[in-house]
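# Topology and contacts: notes
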Amino acid sequence: MRTPLIAGNWKMNKTASEAVRFTRELVQQPLSTSAIDVVIAPPFTALAAVRDSLGPAPAIGLGAQNLHWEDHGAYTGEISAPMLKDLGCRYVILGHSERRAQFGEQDDLIHKKLLAALKHELKPILCVGESLSERESGTTAEVIEQQLNGCLAGFEPARLTNLIIAYEPVWAIGTGKAATPEQAAEVHQLIRRALTAGWSASVAASTRILYGGSVTPQNVEGFLASPDIDGALVGGACLQVDSFATIARLAQKQTGH
Ligand code: 13P
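To start, this report covers the structure provided alongside it. Not measured: the values here are computed from a predicted model.

Attention now goes to the pattern of salt bridges. Two side chains with opposite charge may pair up if their charged atoms get near one another. One pass over the full model with this rule turns up twelve salt bridges. The shortest N-O distance in the salt bridge between Arg2 and Asp230 comes to 3.0 Å. A residue pair is termed long-range when its members are at least 10 positions apart, and Arg2 in the segment before strand 1 (5-9) and Asp230 in the loop between helix 10 (220-224) and strand 8 (231-234) qualify at 228 residues. For Asp230, a relative accessible area of 6% gives the class buried.

The next thing to look at is the nonpolar core. One recurring pattern in soluble globular proteins: nonpolar side chains tend to sit buried together. Leu67, Leu114, Leu152, Ile191 and Tyr211 are the most contacted members of the largest nonpolar core, which has 71 residues in total. Discounting residues that sit within four places of it in the chain, Leu152 has contacts with His111, Leu114, Leu126, Leu160, Leu163, Leu195 and Trp199.

Moving on, we get to the side chain of His68. Considering the arrangement of structural elements, one finds His68 in the loop between strand 3 (60-64) and helix 3 (81-86). With a relative accessible area of 6%, His68 lands in the buried category. A distance of 2.9 Å separates a polar side-chain atom of His68 from the backbone nitrogen of Glu70. Sequence-distant contacts of His68, that is, excluding residues within four places in its chain, are made with Tyr75, Glu78, Ile79, Ser80, Ala81 and Ala116.

Close to the ligand lie Asn9, Lys11, His96, Glu168, Ala172, Ile173, Gly174, Gly213, Ser214, Leu233, Gly235 and Gly236. In this structure, Asn9 approaches the ligand through a side-chain N or O atom, which is 3.0 Å from an oxygen atom. Here an oxygen atom of the ligand and a side-chain polar atom of Glu168 are 2.9 Å apart. Expressed as a share of its isolated accessible area of 310 Å², the protein-covered part of the ligand is 95%. Its residues assigned to classes, the shell around the ligand shows three nonpolar, seven polar and two charged.

This paragraph deals with the layout of surface pockets. Reported here for the largest pocket is a volume of approximately 450 Å³. Taken together, 15 residues make up the lining of the largest pocket; nearest its centre are Lys11, Met12, Gln65, Arg99 and Phe103. In terms of residue count, the dominant contributor to the lining of the largest pocket is helix 4 (residues 97-103) (four residues). Residue composition of the lining of the largest pocket, by class: six nonpolar, six polar and three charged.

By the element assignment, Ala19 lies in helix 1 (residues 16-27). Classification of Ala19 as buried rests on a relative accessible area of 0%. Distance from Ala19 to Ala49, taken between C-alpha atoms, is 7.4 Å for residues 30 residues apart in sequence.

Right, let's talk about unusual backbone geometry for a bit. Non-glycine residue Lys11 carries a positive phi angle of around 55 degrees. The topology assignment puts Lys11 in the loop between strand 1 and helix 1. Despite not being glycine, Ser214 has its phi angle at roughly 60 degrees, a positive value. Counting through the fold element by element, Ser214 comes out in the loop between strand 7 (208-212) and helix 10. The buried category is assigned to Ser214, whose relative accessible area is 17%.

Relative to the assigned elements, Thr175 resides in the loop between strand 6 (164-167) and helix 8 (181-198). Classification of Thr175 as partly exposed rests on a relative accessible area of 42%. Within the local environment of Thr175, its side chain forms a polar contact with the backbone oxygen of Ala172, the two atoms lying 3.3 Å apart.

Calculation rules
- Residues numbered from 1 in each chain as written.
- Predicted model: local features only at pLDDT ≥ 70, side-chain atom pairs only at ≥ 80, totals over all residues.
- Heavy atoms only, no water.
- Salt bridge = Lys/Arg side-chain N within 4 Å of Asp/Glu carboxyl O.
- Helix = DSSP H or I, 4+ residues; strand = E, 2+ residues; numbered from the N terminus.
- Buried < 20%, exposed > 50% of the residue type's maximum accessible area, 1.4 Å probe, protein only.
- Core = buried A, V, L, I, M, F, W, Y, C linked by side-chain atoms within 4.5 Å.
- Contact = heavy atoms within 4.5 Å.
- Polar contact = N/O pair within 3.5 Å; in protein donor to acceptor, adjacent residues only side chain to side chain.
- Near = heavy atom within 4 Å.
- Areas by Shrake-Rupley, 256 points an atom, 1.4 Å probe, with all protein chains shown as cover.
- Nonpolar A, V, L, I, M, F, W, Y, C, P; charged D, E, K, R; others polar.
- 1 Å grid on protein atoms, 1.4 Å probe; cavity = no way out; pocket = protein on both sides within 12 Å on 5 of 7 lines; lining within 4 Å.
- Points joined across faces, edges and corners; volume = space filled by probe spheres on them.

Any functional reading would require information that these geometric values do not contain.
Pasting the structure below:
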């Protein structure tokens with residue numbers, strides 16, 4: 001059984017003080033996480049403060065939005081997996097389309113980051129997704145398979161037990177134009193087939209695949225109703241306590257708990 005996961009990618013939003021106010025409010029929400037995982041991924045600068053605000057036995061997991069593949073060294077401005085672990089992170093978002101498009105990240109580099117995350121027992125949330133022109137030209141499947149094969153090349157299936165994948169169609173991110181649950185489910189199924197073909201049926205069965213792209217409290221239930229959609233990676237709607245908590249509550253409700 002795959003535990004549903006609702007993750008909030010804050011992107012470059014909230015100062016540390018704003019993050020503390022947000023987190024204190026969030027932990028006071030009536031929100032049960034008995035049947036789902038909830039994760040927030042603030043900017044690096046707010047991780048320590050958010051960890052402290054989550055308290056000693058947090059029901060909400062902490063994630064980062066990126067890492068450097070080396071543990072330490074002469075990499076000015078970068079942050080490593082051991083540094084994130086030390087701050088209490090358990091998850092890290094890798095290969096987000098904004099990093100691919102604006103910072104030139106390619107599959108081979110994301111592969112190195114995945115290696116570092118797994119080595120340090122951070123659960124990677126690997127983002128894949130096609131652009132609008134790729135969808136319109138009918139190459140979605142090819143693009144997604146290429147991203148998976150490039151990022152996950154050479155991994156033994158046993159190394160991938162902590163892997164989480166987020167399908168984030170680039171055209172749905174920040175646009176208010178979410179994919180339909182049918183469009184998302186189709187790609188999630190193709191991701192599972194690719195995982196079976198490239199790694200193993202057990203990797204395909206156990207990997208959580210999230211949908212991301214204009215997820216809101218209004219549309220999240222439609223996604224979660226699909227057996228192949230194991231949760232959501234939320235951008236804009238995770239920045240307000242109300243909407244993020246509502247999304248998490250709806251996910252919890254869907255499990256029957
Ligand atoms: P939006 O929810 O703002 O579309 O962002 C999605 C996203 O990029 C999450 O990683």
